[in-house]
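# Close look at the chain arrangement
The chain contents come next:
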Amino acid sequence: MPQKTPTPSQLEVINYPYASKTTVKVEAGPGSGKTYTLLLKVHDLVSRGIVEPDEVLILSLTNKAVDNIISNLLGVFHSLNQGRRTSQELDELVGRIGVYTIHGLANRVVVENEGLINIIEENGWRGLMKLLPQDFWKKYNGGGRRY
């Protein structure tokens, strides 16, 4: 991804103050630079030490999009480096940022929580329900009927 100067609206997103457990909604049309803005925001947060690379999660729908995001993320970090880190350090730093498809993330969760699968198989959904906080079920169930 070639280095470009962000537009005023992109800068507004990039410079929007970070607050834990909040969401910033960006509405823009195709080709407007949403992905580029996201990558610049990630670079800003990581390079200023506001978040650690392994605290960042980017989800996409296809493997091709994930590969594209990783490649462009590397490009952003390398182009904005200004000689502070070696190429290898940048590659390792970007490698710590989680970029997955939804299915890839689910697979990682299953692999990293091997015992969880046994609990679900042995106890069914009731076992899973005990592992998750009650707030989780209220959020997705709307407080209504239980299934």
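Values in this document were obtained by computation on a predicted structure and should not be read as measured data.

Its identity as a non-glycine residue notwithstanding, Lys21 has a phi of 60°, on the positive side. Along the chain, Lys21 turns up in the loop between helix H1 (8–14) and helix H2 (34–47). The phi torsion at Gln82 lies on the positive side, around 55°, for a residue other than glycine. Note on placement: Gln82 falls in the loop between helix H3 (63–79) and helix H4 (87–95).

The grouping of Leu57, Leu59, Leu61 and Ile102 at the surface amounts to a nonpolar patch, some 410 Å² of accessible area in total. For Leu59, the location among the structural elements is in strand S1 (residues 57–60).

What follows concerns the pairing of S1. Alternating positions in S1 separate cleanly, Ile58 and Ser60 being buried on one face and Leu57 and Leu59 remaining unburied on the opposite face. In the sheet, S1 pairs with strand S2 (residues 98–101) via four bridges, with the strands oriented parallel. Bridge pairing links Ser60 to Thr101 in S2.

Bringing the nonpolar core into the picture now. Looking at soluble globular proteins, one finds that nonpolar side chains tend to be buried together. Counting residues in hydrophobic clusters, the biggest one holds 20 residues, and the most contacted among them are Val42, Leu73, Phe77 and Ile97. Listing elements by their share of this core, those giving two or more residues are H2, H3 and H4. In terms of residues, this core owes the most to one element, H2, which gives six residues. In contact with Ile97, other than residues within four places in its own chain, are Val42, Pro53, Val56, Ile58, Leu73 and Phe77.

Calculation notes
Residues numbered from 1 in each chain as written. Predicted model: local features only at pLDDT ≥ 70, side-chain atom pairs only at ≥ 80, totals over all residues. Heavy atoms only, no water. Helix = DSSP H or I, 4+ residues; strand = E, 2+ residues; numbered from the N terminus. Patch = residues over 30% accessible without salt bridge, like charges linked within 9 Å, V, L, I, M, F, W, Y side chains within 5 Å. Areas by Shrake-Rupley, 256 points an atom, 1.4 Å probe, with all protein chains shown as cover. Salt bridge = Lys/Arg side-chain N within 4 Å of Asp/Glu carboxyl O. Buried < 20%, exposed > 50% of the residue type's maximum accessible area, 1.4 Å probe, protein only. Pairing = 2+ DSSP bridges. Core = buried A, V, L, I, M, F, W, Y, C linked by side-chain atoms within 4.5 Å. Contact = heavy atoms within 4.5 Å.

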